[in-house]
Amino acid sequence: MTTIVEWAAIQKHFSQGLIIGNGASIGISDRFNYPSLYQAAQDGNFLTDDTRAVFTSFDSTDFELVLRRLWQATLVNKALQIDNKPVDEAYVEVRKSLISTVHAIHPAYDEVKKHFPAMGSFLKGFQTVTSTNYDLMLYWAAMWNNDNGLGRWFKDALIMADGKATLRDDWQVLRQPYQADGATLYFYPHGNLCLGTEAEGSEIKIAAGGENLLQTITERWEQGVVTPLFVSEGTTAHKLAAIRRSNYLSRVHIEVLGSLGDAVAFYGLGFWPQDEHLIQRATKQAKNVAVSVYRGDQSLIDRASSALKNAGVEKITFFDAESPGAWISA
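Residues numbered from 1 in each chain as written. Predicted model: local features only at pLDDT ≥ 70, side-chain atom pairs only at ≥ 80, totals over all residues. Heavy atoms only, no water.

Q: An account of the environment of Phe32 is requested, with residue identities and associated values reported.
A: Mapped onto the elements, Phe32 comes out in the loop between helix H2 (22-28) and helix H3 (37-43). It is 8.9 Å that separates the C-alpha atoms of Phe32 and Asp135, two residues lying 103 residues apart in sequence. Non-local contacts of Phe32, meaning those with residues more than four positions away in its chain, are made with Asn22, Ser25, Ile26, Ile105, His106, Pro107, Tyr134, Asp135 and Met137. (Helix = DSSP H or I, 4+ residues; strand = E, 2+ residues; numbered from the N terminus. Contact = heavy atoms within 4.5 Å.)

Q: So, the pattern of salt bridges: which residues are in play, and what are the values?
A: Using the criterion set out here, one finds 10 salt bridges in the structure. Measuring nitrogen to oxygen at the nearest pair gives 2.6 Å for the salt bridge that ties Lys205 to Asp156. With Lys205 in strand S9 (residues 203-205) and Asp156 in the loop between strand S4 (154-155) and strand S5 (158-161), the pair connects residues that are 49 residues apart, well separated along the chain. Two residues, Glu255 and Arg251, come together in a salt bridge whose shortest N-O distance is 2.8 Å. With Glu255 and Arg251 both in helix H12 (residues 247-256), this residue pair falls 4 residues apart, about one helical turn. By relative accessible area, which is 28% here, Glu255 ends up partly exposed. When salt bridges with common partners are traced through the structure, they connect Asp169, Arg251 and Glu255 into a single cluster. (Salt bridge = Lys/Arg side-chain N within 4 Å of Asp/Glu carboxyl O. Buried < 20%, exposed > 50% of the residue type's maximum accessible area, 1.4 Å probe, protein only.)

Q: Run through the packing of helix H5 (residues 63-79) against helix H6 (residues 85-105), naming residues and quoting values.
A: Direction vectors running N to C along H5 and H6 enclose 155°, while the axes themselves pass 10 Å from each other. In terms of orientation, H5 and H6 fall into the roughly antiparallel class. The crossing of H5 and H6 is left-handed. In contact with Phe63, Val66, Leu67, Leu70, Trp71, Ala73, Thr74 and Asn77 of H5, H6 contributes Val87, Asp88, Ala90, Tyr91, Val94, Arg95, Ser97 and Leu98. Classifying every residue of the contact of H5 with H6 gives 11 nonpolar, 3 polar and 2 charged. (Axes fitted to C-alpha atoms, helices over the stretch in contact; angles between N-to-C directions. Parallel < 35°, antiparallel > 145°, perpendicular 65-115°, else oblique. Left-handed = near helix turned anticlockwise from the far one by under 90°. Nonpolar A, V, L, I, M, F, W, Y, C, P; charged D, E, K, R; others polar.)

Q: Give a detailed account of the domain arrangement of the protein chain, specifying residues and quantitative values.
A: Assigned domains of the protein chain: these are domain 1 (4-29 + 108-320) and domain 2 (35-105). Each of domain 1 and domain 2 was reduced to a C-alpha centroid, and the two centroids are 26 Å apart. Contacts between the two partners involve 25 residues from domain 1, matched on the other side by 19 residues from domain 2. Overall, the association of domain 1 and domain 2 removes approximately 1,900 Å² of surface from exposure, summing both partners, and the carbon and sulfur fraction of that is 59%. Between the two partners, domain 1 and domain 2, sit 0 salt bridges. Our count for the contact surface shared by domain 1 and domain 2 stands at 3 residue pairs in polar contact (both at pLDDT 80 or more). For the side of domain 1 that touches domain 2, the leading source of residues is helix H10 (residues 213-223), giving 6 residues. (Domains from an automatic or database assignment. Buried area = accessible area lost by both parts, 1.4 Å probe. Polar contact = N/O pair within 3.5 Å; in protein donor to acceptor, adjacent residues only side chain to side chain.)

Q: Which residues make up H10, and what values do they have?
A: Of the residues making up H10, those classed as buried are Leu213, Leu214, Ile217, Thr218 and Trp221. Here the buried residues of H10 occupy an arc of 130° about the axis, which is enough to place them on one side. For H10, the elements touching its buried residues are H6, helix H9 (137-150), strand S8 (191-197) and strand S10 (227-230). Of the residues trailing H10, Gly224 is marked for its positive phi of about 75°. (Arc of directions from axis to C-beta.)

Q: I'd love a proper account of the side chain of Ser25, names of residues and values included.
A: Structurally, the position occupied by Ser25 is in helix H2. Setting aside chain neighbours within four positions, we find Ser25 in contact with Phe32, Asn133, Asp135 and Met137.

Q: Pulling in residues and values, what's your account of unusual backbone geometry?
A: Residue Gln81 is not a glycine yet carries a positive backbone phi of 55°. Its location among the elements puts Gln81 in the loop between H5 and H6. Residue classification places Gln81 among the exposed residues on the basis of a relative accessible area of 74%. With a phi close to 55°, Phe271 is a non-glycine residue in the positive phi region. Topologically, Phe271 is positioned in the loop between strand S11 (263-267) and helix H13 (276-282).

Q: Kindly report on the packing of aromatic side chains, identifying the contributing residues and their values.
A: For the structure shown, the criterion picks out 19 aromatic pairs. For the pair Trp7 and Phe122, a centre-to-centre distance of 5.5 Å together with 70° between the ring planes defines the contact as edge-to-face. Here Trp7 is found in helix H1 (residues 7-10), whereas its partner Phe122 is found in helix H8 (residues 116-123), with 115 residues between them in sequence. Considered together, Trp7 and Phe122 belong to a single accessibility category, that of buried residues. Seen in terms of ring centroids, Tyr267 and Trp327 are 5.8 Å apart; in terms of plane orientation they differ by 35°. Their pairing is tilted. Placement of Tyr267 in strand S11 and of Trp327 in the segment after strand S13 (315-320) is noted, with a sequence separation of 60 residues between them. Every member of this aromatic cluster is reached through a ring pair, and the members are Trp7, Phe122, Phe126, Tyr267, Phe319 and Trp327. Geometry around Trp153 places Lys124 over its ring, the cationic atom sitting 5.1 Å from the centre. Stacked on the ring of Trp272, the Lys or Arg Arg303 has its end atom at 3.6 Å from the ring centre. (Phe/Tyr/Trp six-rings, centres within 6.5 Å; stacked < 30°, edge-to-face > 60°. Lys NZ or Arg CZ within 6 Å of the ring centre and 35° of its normal.)

Listed below in structure tokens is the structure:
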């Protein structure tokens, strides 16, 4: 029988790096309980036959990839004065299905803000937090806690200039507290709804007040001035290909995930085959790993044990995902 401990019993040993998986978002709202955004779009009947055909033609279920390729095709067609109507129509339909899906499954700010205090207490115990989720839970919680007593504790290490977002070259210096009693840096190794790409390839962060951010993001998509920057592709190989297309994602994968420290915690990660690239990179230095387990899930324990041992991790500790102090459990 595998021993599963309380988070409080081990948290002092795991203050370096944290990786958040989809189980964390499902814990906040079961509306996130989908294997992929594409599947959610299918289940919600947001994909027309023509839209499905576009995804099939690209052999992909990744909204980011399909939208980007259609956008690039539009630019080429216009430059060569080729009729672009079919491409425009395909782009509009794919974009519409993405917006409809996100609106259908993403909870509103007021529905989830009750969890922000507990999330802040958990997250501020780490030097570095990375979230593989496309949703706004981490962003909202970080901003709410900064605005409600923590000061500038949570930092995303992005420099904003002329609307463009760039990961600071010296992002490590942000570990020094500034206008706060401590510091936690947070990153999105698979992108996020709040990140986007403009036509010429510039990466931006879409900013707005917490309550208005989701609406602002979808308005920017509707206007056609930005495509989303988040990875919704299924396999490890496809995820890595998407990561390499982005300067931000590439740097987070190489620089941040590769330097999480020798003690790393995972919360809500499923340890599926498509997580292999993340696990291998995040445990590059780690000898000691903690993994959250939801209600004694033995299949998760088996998958995590196998994946982490293959990655060379020497010690694995399993902790109760619902124990006091873990994520949203006060």
